[in-house]
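Read off the chains here:
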Amino acid sequence: MRSAAITRKTAETDISVKIDLDGTGTYDNRTSVGFFDHMLDQLSRHALIDMTVRCSGDLHIDDHHTVEDVGIALGQALAQAMGDKRGIRRYGSCLLPMDDALVRAALDLSGRPYLVWNVALPAAKIGSFDTELVREFFQALSTHGGITLHVDLLHGINAHHIAEAAFKAVARALRDALEVDPRKADAVPSTKGML
Ligand SMILES: [Mn+2]
């Protein structure tokens, strides 16, 4: 079973995350940050990862700790669920359009965290959500999931579309990278023999 459950509690957030990599993209994500829940739903749906997220965070300060810490916990859950990565395709990429927005995501489930984030959001807020938190989320996911992740905005006008296209592009790339390659299902996809 490629699944994982993580709980993470600090003075700032109290989080539980459950994922199943071989799911159907069913989700139940509740962080009390509406736009972020909407993005987590996209991640689940388009990566076909079943996902349940609960977070009780210090939202009286702002959304920062909630978004960053869910990224940490989701990254940890991904790393745990991937296990020794036997049989996975390892690499994934996606060029994803959403109306005016066009985002490219390319990733390597290498065990080596690296984020290249070239996504300038044209507004500071989407509703009450700070758009700079989108990068914070992917930084945490990359670091704790051991993912080399490149995300580039090729075109875009609307901040909601751009952020959502980024989540969907990463989701689709993750789906491809996590899929088991039937031609090499028993091997770790590295000439080093481990990832
Ligand atoms: Mn939307």
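Anything mentioned here points back to the structure above.
What counts and what doesn't
- Residues numbered from 1 in each chain as written.
- Predicted model: local features only at pLDDT ≥ 70, side-chain atom pairs only at ≥ 80, totals over all residues.
- Heavy atoms only, no water.
- Phe/Tyr/Trp six-rings, centres within 6.5 Å; stacked < 30°, edge-to-face > 60°.
- Buried < 20%, exposed > 50% of the residue type's maximum accessible area, 1.4 Å probe, protein only.
- Helix = DSSP H or I, 4+ residues; strand = E, 2+ residues; numbered from the N terminus.
- Pairing = 2+ DSSP bridges.
- Lys, Arg positive; Asp, Glu negative; His and termini not counted.
- Salt bridge = Lys/Arg side-chain N within 4 Å of Asp/Glu carboxyl O.
- Contact = heavy atoms within 4.5 Å.
- Axes fitted to C-alpha atoms, helices over the stretch in contact; angles between N-to-C directions.
- Parallel < 35°, antiparallel > 145°, perpendicular 65-115°, else oblique.
- Left-handed = near helix turned anticlockwise from the far one by under 90°.
- Nonpolar A, V, L, I, M, F, W, Y, C, P; charged D, E, K, R; others polar.

**Considerations on the packing of aromatic side chains**
With the rule as written, the count across this model stands at 6 aromatic pairs. Note on Phe 137 and Phe 138: the rings are 5.1 Å apart at their centroids and 80° apart in plane angle, and the pair reads as edge-to-face. Judged by relative accessible area, Phe 137 falls into the buried class, the value being 0%. Judged by its relative accessible area of 0%, Phe 138 is buried. A ring pair is formed by Phe 138 and Phe 167, whose centres lie 4.7 Å apart and whose planes are at 50°; its orientation type is tilted. One end of the pair, Phe 138, is in helix H3 (residues 132–145); the other, Phe 167, is in helix H4 (residues 159–178), with 29 residues separating them in the sequence. Summarising the burial analysis for this pair, Phe 138 and Phe 167 share the class buried. Grouping aromatic residues by their ring pairs yields a cluster made of Phe 36, Trp 117, Phe 137, Phe 138 and Phe 167.

**Re the pairing of strand S1 (residues 3–9)**
As paired elements, S1 and strand S2 (residues 13–20) share 7 bridges and run antiparallel to each other. Bridging from a neighbouring strand, Ala 5 pairs with Lys 18 of S2. With antiparallel pairing between neighbouring strands as the criterion, S1 and S2 make up a hairpin whose turn holds 3 residues.

**Topic: the side chain of Asp 37**
When you line up the elements, Asp 37 lands in helix H1 (residues 34–47). No salt bridge is formed by the buried Asp 37; its nearest oppositely charged neighbour, Arg 30, is found at 7.3 Å. Not counting residues up to four positions away in its chain, the partners in contact with Asp 37 are Asn 29, Arg 30, Thr 31 and Ser 32.

**With respect to the packing of helix H2 (residues 64–82) against H3**
Contact geometry for H2 and H3: axes closest at 7 Å, N-to-C directions at 30°. Classed by the angle they form, the pair H2 and H3 counts as roughly parallel. Note on packing geometry: the crossing formed by H2 with H3 is right-handed. On H3, the residues that touch His 64, Val 67, Glu 68, Val 70, Gly 71, Ile 72, Leu 74, Gly 75, Gln 76, Leu 78, Ala 79 and Met 82 of H2 are Leu 133, Glu 136, Phe 137, Ala 140, Leu 141, His 144 and Gly 145. Looking at the contact of H2 with H3 residue by residue, the classes come out as 11 nonpolar, 6 polar and 2 charged.

**Brief notes about the pattern of salt bridges**
Following the criterion strictly, the structure yields 11 salt bridges and no others. Among the ionic pairs, Arg 8 bridges to Asp 69, the shortest N-O distance being 3.5 Å. With Arg 8 in strand S1 and Asp 69 in helix H2, this pair connects stretches of sequence that are 61 residues apart. Given a relative accessible area of 22%, Arg 8 falls into the partly exposed group. Residue classification places Asp 69 among the buried residues on the basis of a relative accessible area of 5%. A single network of salt bridges, built from pairs that share partners, joins Asp 28, Arg 30 and Arg 54.

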